[in-house]
Amino acid sequence: MKLGGSVITDKATYRAPRLEDLSRLAQELRAAPGPLVVVHGAGSYGHVLAKEFRLAEGRDRDARRDAAFAQVHADVRELSVLVSEALRDAGLPAITHSTYDLARLDSGRLLSFAHAPVADTLAAGFVPVLSGDGALDASRGWGILSGDVIMAELARALRPERAVFVTDVDGIYDRWPDGALLPRVGPHDHVGGGHARGHDVTGGMAGKLARAREVAKAGVEVHVVNGAVPGRLADTLAGKPTVGTVVLS
Ligand code: IPE
């Protein structure tokens, strides 16, 4: 499960959670028929500072940018606390993992990811919670890692039956913003650009679709649904037909 930062926060306003949507989505996650891993985006706990200080470009000698990098990690940890509290309130025993600790980058790409702690938490019957985060980068000092990339990585490691990307739009469109919603996207379907709204340092919807395609290639059933509309996530998890996009490998 990827809870997009635009659903659980107001992406334009620094550190503004959407607590009602978060607790409703946590309730909907109870419809998951089996073990569950929750990855959440950073939303305005990450993108606002990451954009202002160009954190995805890596480290230089500017101490203010180092401070911003450390602040982003602290802020996404705080959002993880809110996410895991909402899950526990819904009866799901959430345990948070720090992505910063598990991941290493090189030139902005994932170099290594320690899956074992996540797999162990899952095997112990808990719900692991991870997030997009800052991470150390072998050649750039540090960088930014999207939760969508973690989804692709975990899909290969854990081989879930289903992966759901929860966003604030109905799914993947053939063109944005004036195109048609695609109920299915195959590997060769061309999807027009757009979608990102200027707050996103990790690739917007095009990046999300690329990662969703990687997840599908791991043999996983992949859905993109609108988490702002009550019931769609629960229906998807219960295997009921609903508005959204299925991404095929
Ligand atoms: C972004 O993670 C990480 C940071 C900006 C620190 P995501 O790419 O998963 O976040 P959302 O879903 O777009 O908010």
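One can find the structure itself at the top, above this paragraph.
Residues numbered from 1 in each chain as written. Predicted model: local features only at pLDDT ≥ 70, side-chain atom pairs only at ≥ 80, totals over all residues. Heavy atoms only, no water.

**Side note on the pattern of salt bridges**
Thinking step 1. In this structure the tally under the stated criterion is 16 salt bridges.
Thinking step 2. Ionic pairing is found between Asp66 and Arg59, a salt bridge with its closest N-O pair at 2.8 Å. (Salt bridge = Lys/Arg side-chain N within 4 Å of Asp/Glu carboxyl O.)

**Some points on the site of the ligand**
Thinking step 1. Around the ligand sit 18 residues, and of these Gly5, Gly43, Ser146, Gly147 and Thr202 come closest.
Thinking step 2. For the ligand, an oxygen atom lies 2.8 Å from a polar atom in the backbone of Gly5.
Thinking step 3. Lys11 places a polar side-chain atom, nitrogen or oxygen, 2.9 Å from an oxygen atom of the ligand.
Thinking step 4. A total of 400 Å² of accessible area belongs to the ligand in isolation, and the protein chains cover 98% of it. (Near = heavy atom within 4 Å. Polar contact = N/O pair within 3.5 Å; in protein donor to acceptor, adjacent residues only side chain to side chain. Areas by Shrake-Rupley, 256 points an atom, 1.4 Å probe, with all protein chains shown as cover.)

**What to know about the sheet that holds strand 1 (residues 2-3)**
Thinking step 1. Read across the open sheet, the eight strands follow the order 3-6-2-1-9-11-12-10; overall the sheet is mixed. One side of each edge strand has no neighbouring strand; the edge strands of this open sheet are strand 3 (94-96) and strand 10 (184-185).
Thinking step 2. Pairing analysis gives three bridges linking strand 3 to strand 6 (residues 127-131), with the strands arranged parallel. Each residue of the ladder has a partner; that of Thr96, found in strand 6, is Val129. (Pairing = 2+ DSSP bridges. Helix = DSSP H or I, 4+ residues; strand = E, 2+ residues; numbered from the N terminus.)

**Remarks on the pairing of strand 7 (residues 133-137)**
Thinking step 1. Of all five residues in strand 7, four are buried; the element is thus mostly enclosed.
Thinking step 2. The pairing of strand 4 (residues 103-106) with strand 7 spans two bridges and is parallel. Note on strand 7: the bridge partner recorded for Leu105 is Asp137.
Thinking step 3. Relative to strand 8 (residues 141-145), strand 7 runs antiparallel, the two being bridged by five bridges. Residue pairing in the sheet places Asp137 in a bridge with Gly141 of strand 8. (Buried < 20%, exposed > 50% of the residue type's maximum accessible area, 1.4 Å probe, protein only.)

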